[in-house]
Amino acid sequence: MNPSPLAELVRIESDPAYRALFCAELDAAIRDRFANRAAVVAQVQAAAARLRELVLHGGSGPST
């Protein structure tokens, strides 16, 4: 049987050691998400710079 939807919240609030572990894992997940976001933003900015360079200075891209 599935536990109550609030069982995890009750455990987080009532068990200090579990709360500390939960918060540490949550902080790590948030840091990972921000790092991934920053990496994607950097890739988009690099692609935009390459495209800007091609548009402004004309480039010989791959011919098809």
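Being a predicted model, the structure only gives us computed values, none of them experimental.

Colleague: Looking at this structure, how should I read the overall build of the protein?
Modeller: Looking only at helices and strands, the protein features 2 helices and 0 strands. Here the protein holds 64 residues, and the buried ones make up 3% of them. Accessible surface for the protein amounts to roughly 5800 Å². Of this, 62% is attributable to carbon and sulfur atoms.

Colleague: Whenever I open this one, the packing of aromatic side chains confuses me. Can you help?
Modeller: Describing an aromatic ring pair means giving the distance of the ring centres and the angle of the ring planes. Counted by the stated rule, this structure contains 0 aromatic pairs. Over the ring of Tyr-18 we find Arg-11, and its NZ or CZ is 3.7 Å from the ring centre.

Colleague: In this structure, what is going on with a nonpolar patch on the surface? I would like to understand it.
Modeller: On the surface, Phe-22, Leu-26, Ile-30 and Phe-34 cluster together to form a nonpolar patch covering roughly 360 Å² of accessible area. With respect to the secondary-structure elements, Leu-26 resides in helix α2 (residues 16–57). Under the relative-accessibility criterion, Leu-26 is labelled partly exposed at 41%.

Colleague: Explanation requested: α2 in the structure shown.
Modeller: Owing to its 3.6 residues per turn, the α-helix brings residues three or four apart onto one side. Its 42 residues place the ends of α2 61 Å apart at the C-alpha level, agreeing with the 62 Å of an ideal helix rising 1.5 Å per residue. Between a side-chain oxygen at the N-terminus of α2 and the backbone nitrogen of Ala-17 the separation is 3.1 Å; the capping residue is Asp-15. Just past α2, the residue Gly-58 takes up positive phi, approximately 55°.

Colleague: Mind showing me how you'd approach the packing of helix α1 (residues 7–14) against α2 here?
Modeller: One way to put it is that α1 packs onto α2 with a least axis distance of 5 Å and a crossing angle of 110°. Between α1 and α2, the angle is such that the two are roughly perpendicular. Residues Glu-8, Arg-11, Ile-12, Glu-13 and Ser-14 of α1 form the contact with α2, whose own contacting residues are Pro-16, Tyr-18, Arg-19 and Phe-22. A breakdown of the residues in the contact of α1 with α2 according to their chemical character gives 4 nonpolar, 1 polar and 4 charged.

Conventions adopted
- Residues numbered from 1 in each chain as written.
- Predicted model: local features only at pLDDT ≥ 70, side-chain atom pairs only at ≥ 80, totals over all residues.
- Heavy atoms only, no water.
- Helix = DSSP H or I, 4+ residues; strand = E, 2+ residues; numbered from the N terminus.
- Buried < 20%, exposed > 50% of the residue type's maximum accessible area, 1.4 Å probe, protein only.
- Areas by Shrake-Rupley, 256 points an atom, 1.4 Å probe, with all protein chains shown as cover.
- Phe/Tyr/Trp six-rings, centres within 6.5 Å; stacked < 30°, edge-to-face > 60°.
- Lys NZ or Arg CZ within 6 Å of the ring centre and 35° of its normal.
- Patch = residues over 30% accessible without salt bridge, like charges linked within 9 Å, V, L, I, M, F, W, Y side chains within 5 Å.
- Salt bridge = Lys/Arg side-chain N within 4 Å of Asp/Glu carboxyl O.
- Expected span 1.5 Å × (residues − 1).
- Polar contact = N/O pair within 3.5 Å; in protein donor to acceptor, adjacent residues only side chain to side chain.
- Axes fitted to C-alpha atoms, helices over the stretch in contact; angles between N-to-C directions.
- Parallel < 35°, antiparallel > 145°, perpendicular 65-115°, else oblique.
- Contact = heavy atoms within 4.5 Å.
- Nonpolar A, V, L, I, M, F, W, Y, C, P; charged D, E, K, R; others polar.

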